[in-house]
Amino acid sequence: MRLLVTGAAGFIGSTFLRVALEARPDDELVVLDKLTYAGRRENLAGIEDRIEFVHGAIEDRELVHKTMAGCQAVVNFAAESHVDRSIADQDVFARAHVIGTSVLLDAARDHGVTRYLQVSTDEVYGSIEEGSFTETSPLNPSSPYSATKAGGDLLVSAHAHTYGLEAVICRGSNNYGPRQYPEKLIPLCVLNALAGDSLPVYGDGRQVRNWLYVEDFARAIHLVLQEGASGEVYNVGGPDEVENIEVVKRIVELTGAGERLIEYVRDRPGHDRRYSLSSGKVRALGWEPLTHFAAGLERTVDWYRDNEWWWSPIRSGEYREYYERQYGRSLTG
Ligand code: NAD
Ligand code: DAU
């Protein structure tokens, strides 16, 4: 199979490439990535000679057509992934998630692609006080990030319904693990703790996230790509639900930093209180998460501790300006 994987220079996509190469070493993998601040060639270290890399955006119709020619399957990871950035400026989110998805779907039809997989998020369902979202729960996104992701999902379903495109959607909960850009809660706090910087907790810190180790999500996507029923949605939730303040306290423990670094800051506007997914449908295909939060977090902290070569250029680049804009202060170190 020749497979086009978009956005695979990012955190989850680059993990998926490794899982896919391990599971089906003879598949040909073509990566299309715009290399935004979050897309990094370093994420492909060790597998560069096993993939074809094309630099460009999924909104670029001509390039997408050229790159998709000869591919039987498409997995779309390409996205702007950070909620706080979408609150500051949503344009690029709408372009990538809605226009980009539309261009990919048109091309998939034209090229006779036999399997299209859209990588999506639990955030399209909005927040849930109790219980868990199923695949039939209504979409109720709260942020520009999740609203534009929901727009992409609806286009995928419409293409499956209207044109019979063999499409599936995987909605994952909060991922964590190696190579996650340090704007997200876990890597941000790990690197700040290691550097002795403060650990910003939004609002009261009692928001709950359903943590999923990145390799577990990548394995689920690979399985749904092979076994998922066309036109269907599959939720992929992590095994543990943890309050943000608890996550930060565990990072303090694992890094040996002091709890005095924890600082409650202004809440995220429109902050979703709790996410929780029911994953019965993907479990029925044979998937289960292998990594619990305690072990996965320890592995993640170790990875960041051992891979300064990966994060040190990030912390000294565009990220510093972003951090000042977002938190109103600069990083030390
Ligand atoms: P990421 O920000 O680490 O990576 C995104 C990648 O997409 C980068 O390589 C970037 O260069 C590329 N990209 C962005 N815009 C593009 C465009 N217009 N054209 C081509 N490439 C483009 O994000 P991630 O955390 O790896 O997320 C990957 C996917 O998984 C996204 O669709 C996201 O919505 C979804 N998701 C993420 C999580 C999570 O917790 N991180 C959970 C569920 C679903
Ligand atoms: O749920 C899946 C989603 O998870 C993905 O679709 C998104 O791409 C991904 O970014 C993630 O979204 P969140 O907004 O949940 O992740 P983030 O790491 O930004 O925040 C996790 C929680 O921590 C959230 O409740 C906000 C809070 N937070 C975050 C940051 C960056 C803080 O308290 N302080 C912070 O500095």
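About the thresholds
Residues numbered from 1 in each chain as written. Chains lettered and ligands numbered in written order. Predicted model: local features only at pLDDT ≥ 70, side-chain atom pairs only at ≥ 80, totals over all residues. Heavy atoms only, no water. Near = heavy atom within 4 Å. Polar contact = N/O pair within 3.5 Å; in protein donor to acceptor, adjacent residues only side chain to side chain. Areas by Shrake-Rupley, 256 points an atom, 1.4 Å probe, with all protein chains shown as cover. Nonpolar A, V, L, I, M, F, W, Y, C, P; charged D, E, K, R; others polar. Pairing = 2+ DSSP bridges. Helix = DSSP H or I, 4+ residues; strand = E, 2+ residues; numbered from the N terminus. Contact = heavy atoms within 4.5 Å. Axes fitted to C-alpha atoms, helices over the stretch in contact; angles between N-to-C directions. Phe/Tyr/Trp six-rings, centres within 6.5 Å; stacked < 30°, edge-to-face > 60°. Buried < 20%, exposed > 50% of the residue type's maximum accessible area, 1.4 Å probe, protein only. Lys NZ or Arg CZ within 6 Å of the ring centre and 35° of its normal. Right-handed = clockwise from strand over helix to strand, strands pointing away.

J.: Which residues make up the site of ligand 2, and what are the values?
T.: Near ligand 2 there are 22 residues, and of these Asp122, Tyr145, Asn174, Arg268 and Tyr327 occur at the shortest range. Between ligand 2 and Ser81 there is a distance of 2.7 Å, counted from an oxygen atom to a backbone nitrogen or oxygen. Leu185 is positioned with one of its backbone polar atoms (N or O) 2.8 Å from an oxygen atom of ligand 2. In isolation ligand 2 exposes 690 Å². Once the protein is present, 95% of that is buried. Along the lines of polarity and charge, the residues of the shell around ligand 2 split into 8 nonpolar, 8 polar and 6 charged.

J.: Go over the sheet that holds strand β7 (residues 175–176), please, and point to the residues and values.
T.: Strand order across the open sheet formed by 3 strands is β7-β9-β11, with mixed pairing between neighbours. The sheet is open, and its two borders are formed by β7 and β11 (240–243), each paired with just one other strand. Summarising the sheet, strand β9 (residues 208–213) and β11 pair through 4 bridges and their orientation is antiparallel. Bridge pairing links Val208 to Glu243 in β11. Along the sheet, helix α7 (residues 214–227) makes contact with β7 and β9, crossing β9 at roughly 70 degrees.

J.: Just give me the short version of the packing of aromatic side chains, but keep the residues and values in it.
T.: Aromatic ring pairs are described here by two measures, namely the spacing of the ring centres and the angle between the planes. Overall, the coordinates contain 15 aromatic pairs when judged by the stated rule. For the pair Tyr202 and Tyr327, a centre-to-centre distance of 6.4 Å together with 25 degrees between the ring planes defines the contact as stacked. Of this pair, Tyr202 sits in strand β8 (residues 199–202) while Tyr327 sits in helix α12 (residues 318–327), and the two are 125 residues apart along the sequence. The same class applies to Tyr202 and to Tyr327, which are both buried. Between Tyr304 and Trp310, the aromatic rings sit 6.1 Å apart at their centres with planes inclined by 80 degrees, giving edge-to-face as the arrangement. The burial state of Tyr304 is the same as that of Trp310; both residues are buried. Across from the ring centre of Tyr37, 3.7 Å away, lies the NZ or CZ of Arg85, which sits over that ring.

J.: So what's going on with the environment of Ala167? Residues and values would help.
T.: Within the secondary structure, Ala167 is located in strand β6 (residues 167–172). Along the sequence, Ala167 and Leu212 sit 45 residues apart, while their C-alpha atoms lie 24 Å from each other.

J.: Residues and numbers for the site of ligand 1, please.
T.: Around ligand 1 lies a shell of 29 residues, among which Asp33, Glu59, Ser81, Tyr145 and Lys149 are the nearest. In this structure, Ile12 approaches ligand 1 through a main-chain N or O atom, which is 2.8 Å from an oxygen atom. One of the backbone nitrogen or oxygen atoms of Ile58 is found 3.0 Å away from a nitrogen atom of ligand 1. Starting from 840 Å² of accessible surface for ligand 1 in isolation, the protein chains cover 97%. Contributing elements (two or more residues each) for the shell around ligand 1: α1 (11–23), β5 (115–121) and α5 (144–163). Element by element, the count of residues in the shell around ligand 1 is highest for β5, at 3 residues. Residues of the shell around ligand 1, tallied by class, amount to 13 nonpolar, 12 polar and 4 charged.

J.: How would you sum up the side chain of Arg274? Please name residues and give values.
T.: Residue placement: Arg274 occurs in the loop between β12 (262–265) and α9 (280–284). Of note is the side chain of Arg274, whose polar atom sits 3.4 Å from the backbone oxygen of Glu129. If we ignore the near neighbours within four places in the chain, the residues touching Arg274 are Gly126, Ser127, Ile128, Glu129, Glu130, Gly131, Val208, Arg209 and Glu241.

J.: Quick one: what's the story with the pairing of strand β2 (residues 28–33), residue by residue and with numbers?
T.: Among the 6 residues in β2, 5 count as buried, and that is most of the element. Here strand β1 (residues 2–6) runs beside β2; their pairing, made up of 5 bridges, is parallel. In the sheet register, Leu3 faces β2, and the bridge partner there is Leu29. Taking the sense of rotation as the criterion, the β-α-β connection linking β1, α1 and β2 turns out right-handed. Pairing between β2 and strand β3 (residues 51–55): 5 bridges, direction parallel. Bridging from a neighbouring strand, Asp33 pairs with His55 of β3.

By themselves, these observations are geometric and do not establish any function.
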